[in-house]
Amino acid sequence: MTQRATKADIEAILEARKQAAVEQATQVTVPALPPKRKPDPVVTAQNITQPAAISSVQVAPPTVVSDKDVERFLEDHLPMLIKAAQDLVMPPFNFGEVVQLGTAVSQAVAAGLPQIKGAEARALVVVIVRYLWRKYATPLLPPMARPFAGILETLIITGVEAAYQLVVKQQKR
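Residues numbered from 1 in each chain as written. Predicted model: local features only at pLDDT ≥ 70, side-chain atom pairs only at ≥ 80, totals over all residues. Heavy atoms only, no water.

If you tally the helices and strands in the chain, you get five helices and zero strands. Its helices and strands taken in sequence order, the chain reads α-α-α-α-α from the N to the C terminus. Counting over 173 residues, the chain shows a buried share of 32%. Residue pairs at least 24 apart in sequence account for 79% of intrachain contacts in the chain once pairs closer than 6 positions are excluded. A total accessible area of about 11300 Å² is found for the chain, and carbon and sulfur atoms account for 61% of it. (Helix = DSSP H or I, 4+ residues; strand = E, 2+ residues; numbered from the N terminus. Buried < 20%, exposed > 50% of the residue type's maximum accessible area, 1.4 Å probe, protein only. Contact = heavy atoms within 4.5 Å. Areas by Shrake-Rupley, 256 points an atom, 1.4 Å probe, with all protein chains shown as cover.)

As structure tokens, this is what we get:
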């Protein structure tokens, strides 16, 4: 029943990764404005102050891993991950399997792309899991569960992010 990873699968994941990088780069942290000060009644050289510096805007760092590296990684690991996603929806469905899928993807990314770290690694893990869920797991859901596919996806992504954090924290020790 396991389907093979196709070139279209790899291209779709690479495109989703680019979109995730764009979304991260456009999320800007804007500092709160300081409270307004009453203007001084008379402006003199003594009471002119330097305006406070605005803290720098944080933008996502450029990606460390090239698309070619991610493509090679996907060619090696995607068949196993597709099987894990399909196994997830086979009866009996339980939340422990969600954590197993998240752990499998996280460990595959950590082992296959050890140079990827932080937000870039997290985004790649989420992109891969979301793609696997939508393409390979959702069609296998029983008909009565399909209306809840979006809710299940949210739960799965939350579980995957938690599992990813556990894997990353264990590796840093």
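Moving on from the coordinates now.
Among the nonpolar cores identified, the biggest contains 40 residues, and L74, V105, V109, I128, V129, L132 and W133 are the most heavily contacted of them. In terms of residue count, helix α4 (residues 118-137) provides more of this core than any other element does, 13 residues in total. If we ignore the near neighbours within four places in the chain, the residues touching L132 are L78, L81, I82, A85, V105 and A137. (Core = buried A, V, L, I, M, F, W, Y, C linked by side-chain atoms within 4.5 Å.)

Attention now moves to the packing of helix α2 (residues 67-88) against α4. α4 packs onto α2 with a crossing angle of 50° between their chain directions and a minimal axis gap of 10 Å. Here α2 is positioned oblique relative to α4, judged by the angle of their axes. At the point where α2 passes α4, the crossing takes the right-handed sense. Contacts from V70, F73, L74, L78, L81, I82, A85, Q86 and L88 of α2 reach α4 at L124, I128, L132, W133, Y136 and A137. Looking at side-chain class alone, the contact of α2 with α4 contains 14 nonpolar, one polar and no charged residues. (Axes fitted to C-alpha atoms, helices over the stretch in contact; angles between N-to-C directions. Parallel < 35°, antiparallel > 145°, perpendicular 65-115°, else oblique. Left-handed = near helix turned anticlockwise from the far one by under 90°. Nonpolar A, V, L, I, M, F, W, Y, C, P; charged D, E, K, R; others polar.)

With that out of the way, let us pick up α4. Taking 1.5 Å per residue as the helical rise, α4 with its 20 residues ought to reach 28 Å, and the 27 Å between its terminal C-alpha atoms agrees with that figure. The element α4 is largely enclosed, with a buried count of 14 among its 20 residues. (Expected span 1.5 Å × (residues − 1).)

Turning next to a nonpolar patch on the surface. On the surface, F148, I151 and L155 cluster together into a nonpolar patch covering about 300 Å² of accessible area. Inspection of the secondary structure puts L155 in helix α5 (residues 149-172). For L155, a relative accessible area of 43% corresponds to the partly exposed category. (Patch = residues over 30% accessible without salt bridge, like charges linked within 9 Å, V, L, I, M, F, W, Y side chains within 5 Å. Salt bridge = Lys/Arg side-chain N within 4 Å of Asp/Glu carboxyl O.)

This next bit is on the pattern of salt bridges. Per the stated rule, a full pass over the model turns up nine salt bridges. In this structure, E71 and K7 form a salt bridge, with 2.5 Å as the shortest nitrogen-oxygen distance. Taken together, the residues span a long stretch of sequence, with E71 in helix α2 and K7 in helix α1 (residues 7-26) at a distance of 64 residues. With its nearest N and O atoms 3.2 Å apart, the salt bridge here joins K135 to D9. In this pair, K135 is assigned in helix α4 and D9 in helix α1, connecting sequence segments 126 residues apart.

Most pronounced at H77, the bend in α2 amounts to some 50°, and the proline P79 follows within four residues. Burial in α2 covers these residues: V70, E71, F73, L74, H77, L78, L81, I82, A85, Q86 and L88. (Bend = angle between axes of the 7 residues up to and from the residue.)

As a further point, take the environment of L101. By the element assignment, L101 lies in helix α3 (residues 95-112). Judged by its relative accessible area of 2%, L101 is buried. A sequence separation of 20 residues divides L101 from L81, and the C-alpha atoms of the two residues are 7.8 Å apart. Non-local contacts of L101, meaning those with residues more than four positions away in its chain, are made with L81, A84, A85, L88 and V129.

Everything listed is a geometric property; what it means functionally is a separate question.
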